[in-house]
Amino acid sequence: MAMRARRTALAAVVTLAVAIPLAAQEPGPTDRTAALRSVSGVLECRTLEGNAPCGLDTFTVTAQTDGTRTLTGRADLPARGIQIDIVLRVAGNFRPLEGFTQSYSGGAWLGSGLFLVEGPTLRATVRTPERIVAETITVPGKFSLLMHPVAADGWHFGHYDRARGGKQVLPRCAVGAARESVRCALADSTLEFLGEETLTVPAGTFRTDHYRFGEATDVWLAGPD
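Treat the numbers as computed from the prediction; the structure is a model and nothing was measured. (Residues numbered from 1 in each chain as written. Predicted model: local features only at pLDDT ≥ 70, side-chain atom pairs only at ≥ 80, totals over all residues. Heavy atoms only, no water.)

Helix and strand counts for the protein chain stand at 0 helices and 15 strands. Taking all 225 residues of the protein chain together, 45% fall into the buried category. Long-range pairs, those at least 24 residues apart, make up 42% of the contacts in the protein chain between residues at least 6 apart in sequence. As displayed, the protein chain has an accessible area near 11,300 Å², and 54% of this comes from carbon and sulfur atoms. (Helix = DSSP H or I, 4+ residues; strand = E, 2+ residues; numbered from the N terminus. Buried < 20%, exposed > 50% of the residue type's maximum accessible area, 1.4 Å probe, protein only. Contact = heavy atoms within 4.5 Å. Areas by Shrake-Rupley, 256 points an atom, 1.4 Å probe, with all protein chains shown as cover.)

Structure follows, in structure tokens:
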């Protein structure tokens, strides 16, 4: 579970995301299932100044018996006409395996993209309103896919070395950063562990790990996934 607060000079668009789990399921000993555990929830966006609602982020995270994790999610920011739907699957060490996204911006369809990772190669096929783009990107052993719904933000920290601590530079391929539809561009991110904190949100009180992503985003993580 990830909770995120973005800091900006424009207080009107500062957001605070809090986790509101809807359901958690653990399979029984006789269940024929590939899932070890699954949790669904809602992250509610509110402005820090005025506490006004600004959107919802719904998600389901499933940990599989093969060690992988799958996240499905939707981010809705109605006032800005933004809707982002994603499916993201990662290995046991949180390295991306596959991702799919489709996005609307300003109420208009922006594009959809399929991202497949095999070893050092990320193969991306993106459909824009004008064309279909197929490309390959060389990726390092440690990297993450930035697909924007808040629930997926925790997985950027899967390669962070807590024993070393401090600010660490780790690469991510950010969807949309290539400036055409949902094409992905590789760039470095600075991650920093700030300490353990007990955080209370509408879902309850949780022991969390507090991280900073770049210079403008704080993330609190709870749970093994």
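Moving on to the pattern of salt bridges. Scanning all chains against the criterion turns up 15 salt bridges. The partner of Arg-212 in a salt bridge is Asp-218, and the shortest N-O contact between them spans 2.6 Å. Shared partners join several salt bridges into a network, and the residues in it are Arg-131, Glu-135, Glu-180 and Arg-183. (Salt bridge = Lys/Arg side-chain N within 4 Å of Asp/Glu carboxyl O.)

Turning our attention to the state of the cysteines. With the rule as written, the count across this model stands at 2 disulfides. Sulfur-sulfur distance for the disulfide between Cys-45 and Cys-54 comes to 2.0 Å. The sign of the -85 degrees torsion about the S-S bond sets the Cys-45-Cys-54 disulfide as left-handed. Each of the two residues, Cys-45 as well as Cys-54, counts as buried. Here the disulfide map of the protein chain reads 1-2, 3-4, the bonded cysteines being numbered as they appear in the sequence. (Disulfide = S-S within 2.5 Å.)

Scanning the model with the defined rule gives 5 aromatic pairs in all. Judged by centre distance (6.2 Å) and plane angle (50 degrees), the rings of Phe-94 and Trp-155 are tilted. Here Trp-155 lies in the loop between β11 (144-146) and β12 (167-175) and Phe-94 lies in the loop between β6 (82-90) and β7 (96-105), a separation of 61 residues in the sequence. Here the two residues Phe-94 and Trp-155 agree in accessibility, since each one is buried. Look at Tyr-160 and Tyr-211: their rings are 5.4 Å apart centre to centre, the planes differ by 80 degrees, and that puts the pair in the edge-to-face class. Remark: Tyr-211 occurs in strand β14 (residues 204-213) and Tyr-160 occurs in the loop between β11 and β12; sequence separation between them is 51 residues. According to the relative accessible area criterion, Tyr-160 is buried, its value standing at 7%. Among the aromatic residues, those joined into a cluster by ring pairs are Phe-157, Tyr-160, Phe-193, Tyr-211 and Phe-213. Its end group placed over the ring of Phe-193, Arg-162 keeps NZ or CZ at 3.8 Å from the ring centre. (Phe/Tyr/Trp six-rings, centres within 6.5 Å; stacked < 30°, edge-to-face > 60°. Lys NZ or Arg CZ within 6 Å of the ring centre and 35° of its normal.)

Below, the discussion takes up the nonpolar core. By size, the foremost hydrophobic cluster in this structure holds 29 residues, and its most contacted members are Leu-71, Leu-88, Phe-115, Leu-122, Leu-145 and Trp-155. Per-element accounting of this core gives the leading share, 5 residues, to β6. Residues within four places of Leu-145 in sequence aside, it is in contact with Leu-88, Pro-96, Phe-115, Leu-122, His-156, Cys-173 and Cys-184. (Core = buried A, V, L, I, M, F, W, Y, C linked by side-chain atoms within 4.5 Å.)

Turning to the environment of Phe-59, a few remarks are in order. Inspection of the secondary structure puts Phe-59 in strand β4 (residues 53-64). Residue classification places Phe-59 among the buried positions, given a relative accessible area of 8%. Placed 20 residues apart in sequence, Phe-59 and Val-39 show a C-alpha to C-alpha distance of 8.3 Å. Apart from the residues within four sequence positions on either side, Phe-59 is in contact with Val-39, Ser-40, Gly-41, Val-42, Leu-43, Thr-72, Gly-73 and Ala-151.

Here the focus is the side chain of Arg-172. Of note, Arg-172 is situated in strand β12. Asp-188 provides the closest opposite charge to the buried, unpaired Arg-172, separated from it by 7.7 Å. At 2.4 Å, the side chain of Arg-172 and the side chain of Ser-189 are in polar contact. Residues in contact with Arg-172, not counting those within four places in the same chain, are Ser-144, Leu-146, Ala-185, Leu-186, Ala-187, Asp-188, Ser-189 and Phe-213. (Lys, Arg positive; Asp, Glu negative; His and termini not counted. Polar contact = N/O pair within 3.5 Å; in protein donor to acceptor, adjacent residues only side chain to side chain.)

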